[in-house]
Amino acid sequence: MTFYVLAKYPEVYEKVMEEIDRVLEKAEDFSADTLKSMPYIDAVFKEVLRFYTPAPAFIVREALEDFTIGEFEIKKGYMLNGFLLLNNKSPKYFTDPDEF
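The rules behind each value
Residues numbered from 1 in each chain as written. Predicted model: local features only at pLDDT ≥ 70, side-chain atom pairs only at ≥ 80, totals over all residues. Heavy atoms only, no water. Helix = DSSP H or I, 4+ residues; strand = E, 2+ residues; numbered from the N terminus. Expected span 1.5 Å × (residues − 1). Buried < 20%, exposed > 50% of the residue type's maximum accessible area, 1.4 Å probe, protein only. Contact = heavy atoms within 4.5 Å.

S.K.: I tried to follow helix α4 (residues 39–51) on my own but got confused; where do I start?
M.R.: Over its 13 residues, α4 extends 18 Å from the first C-alpha to the last, a length consistent with the 18 Å expected when each residue adds 1.5 Å. Considered for burial, the residues of α4 that qualify are I41, V44, E47, V48, R50 and F51. If you follow the buried residues of α4, they end up packed against α1 (2–8), α2 (10–26) and α5 (85–88).

Now the structure itself:
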């Protein structure tokens, strides 16, 4: 998906290439330490994972005991469904959640 994003957003591609050129100009070789000195690329990778998460959208768990969440009583044996992508696109956590 990262290649797709770089093709879709030429301004992101340009900044990535500028950072690579700047860092590799000074580096003797390319290593994990070299990547650590590329914060923009790190941010792009993290944003790709947020926007196009490879994780399953849903998780299902069985309650192993009775418990309460807020005003909801959950009984042992109930099947609970979680929609993981809600946080990735939530305005509670991201200023413009639908913008890359």
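Moving on, there is more to tell.
S.K.: Would you mind showing me how to read the environment of Y4 here?
M.R.: Mapped onto the fold, Y4 is located in helix α1. A residue is classified by how much of its surface remains accessible, and Y4, at 41% relative accessible area, is partly exposed. On a C-alpha basis, the gap between Y4 and T68 in space is 43 Å, while along the polypeptide they are 64 residues apart.

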